[in-house]
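# An overview of the molecular structure
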Amino acid sequence: MASILRIIAQRLALGILTLFVVSIVIFAAVNMLPGDFAQAILGQGATPEAIKAIREDLGLDQPPVTRYLQWLAGALQGDLGNSFAQANFASFAGTTATANSASVAAQLGPRFENTMFLAGVTAVIAVPFSIFLGILAALYRNSVFDRFTNIFTLSSISSPEFFLAYILILFLAVLNPLLPSLSNIYEGMDFGDRLTKTLLPALTLTLAVTAQLMRMTRAAIINLLASPYIEMARLKGMSPMRVIVKHALPNALAPIINVIALNLAYLITGVVVVEVVFVYPGIGQLFVDSVKIRDIPVVQACCLLFATAYILLNLTADIMSIISNPRLRHPK
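Residues numbered from 1 in each chain as written. Predicted model: local features only at pLDDT ≥ 70, side-chain atom pairs only at ≥ 80, totals over all residues. Heavy atoms only, no water.

### So, the overall build of the protein chain
- Per the secondary structure count, the protein chain includes 16 helices and zero strands.
- When the 332 residues of the protein chain are sorted by exposure, 42% land in the buried category.
- Sequence separation of 24 or more characterises 73% of the internal contacts of the protein chain that already satisfy a separation of 6 or more.
- About 17700 Å² of surface is accessible on the protein chain, with carbon and sulfur atoms providing 68% of the total. (Helix = DSSP H or I, 4+ residues; strand = E, 2+ residues; numbered from the N terminus. Buried < 20%, exposed > 50% of the residue type's maximum accessible area, 1.4 Å probe, protein only. Contact = heavy atoms within 4.5 Å. Areas by Shrake-Rupley, 256 points an atom, 1.4 Å probe, with all protein chains shown as cover.)

### Here's the deal with the side chain of Thr122
- Among the secondary structure elements, Thr122 is positioned in helix α6 (residues 104-139).
- A distance of 2.8 Å separates a polar side-chain atom of Thr122 from the backbone oxygen of Leu118.
- Excluding its chain neighbours within four sequence positions, the residues that come into contact with Thr122 are Val127, Ala202, Leu205, Thr206 and Leu267. (Polar contact = N/O pair within 3.5 Å; in protein donor to acceptor, adjacent residues only side chain to side chain.)

### Structural notes on the environment of Ile131
- Structurally, the position occupied by Ile131 is in helix α6.
- Ile131 sits 85 residues away from Met216 along the chain, and the two C-alpha atoms are 8.9 Å apart.
- Look past the residues within four positions of Ile131 in its chain and what remains in contact with it is Thr217, Ile256 and Ile260.

### Observations concerning the packing of aromatic side chains
- Inspection of every chain in the model, using the stated rule, returns six aromatic pairs.
- Relative to Phe152, the ring of Phe148 lies with its centre 6.4 Å away and its plane at 15°, an arrangement referred to as stacked. One end of the pair, Phe148, and the other, Phe152, are both in helix α7 (residues 144-158), four residues apart, so they sit about a helical turn from each other.
- Given the relative accessible area of 57%, Phe148 is considered exposed.
- Residue Phe152 is classed as partly exposed on the basis of its relative accessible area of 42%.
- Cluster of aromatic residues (ring-pair linked, three or more members): Phe27, Tyr68 and Trp71. (Phe/Tyr/Trp six-rings, centres within 6.5 Å; stacked < 30°, edge-to-face > 60°.)

### Here's the deal with the state of the cysteines
- Across all of its chains, the model carries zero disulfides by this definition.
- With no disulfide of its own, Cys302 lies closest to Cys303 among cysteine sulfurs, the gap being 6.9 Å. (Disulfide = S-S within 2.5 Å.)

### Notes on the packing of helix α9 (residues 191-224) against helix α12 (residues 253-269)
- As a packed pair, α9 and α12 sit with axes 9 Å apart at the nearest point and diverge in direction by 170°. Overall, the two elements α9 and α12 adopt an arrangement that is roughly antiparallel. In contact with Leu205, Ala208, Val209, Gln212, Leu213, Met216, Thr217 and Ala220 of α9, α12 contributes Pro255, Ile256, Val259, Ile260, Asn263, Tyr266 and Leu267. (Axes fitted to C-alpha atoms, helices over the stretch in contact; angles between N-to-C directions. Parallel < 35°, antiparallel > 145°, perpendicular 65-115°, else oblique.)

Written out as structure tokens, the structure reads:
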């Protein structure tokens, strides 16, 4: 038990260090984006004095190191800053923006909830479906079913997400109007309607993640089928399906868990294109909109949230693999 806790502590420390390095990269990359927020808001006819005044109000005139340390200190306390766009629009409208209306965290909250709902629906569909396909492909390996499954999943993962999205829109929303083509989710929406409007982007993401998980399940099970205990189970007269499900699959969980966690991380961080295509009000859509108007605090917060989710899910996969595999718990 002590060895497991020590390994988990080492992984957590490494994750925190990685997140710190990533925060530096995020801040540097976002601040190197072309264009200027003050110039974008005031237009080409803006005077240098007006641009300077807005930059001073937003703190953009301070040195990059000072702004990074202020941003990092605020993020550690849960304060991601205020949105440039909302505060500026409120001031131009002749009103005073409240701290909550311009808060980045207030914008991220409902958007993150929507993205997590989309990722959850996709995971509920993709994970059992992929594992089931992987088991069948291993059971009937080198058969017509195995070859067709490999061709189909590889074709789906090789296609760009926006292409898959438009294909599904064509067949499931235009030619056969079974699902809505736009995911106009809003707060207080009925769960059934919310699920219906989320299904099409969820199916798009399912096609994008099924291949890797299915092929890993298939490869892990086939790799174990030559083991002595599998041969013994066969000699006892067990059916091939029972041998795979009862004996091979539990011992193949470590690599499968890794791939599941990586795909879950992808579902949270890789939804940008899908959310934009379906106009889904999630983190990805907010990220794209904020990049367009150079809203630096929101862009930085979205990138940091993506990085945190990705690192945490990778750490979870690492820890679950260690717990599920005695050879990793007791390395020699």
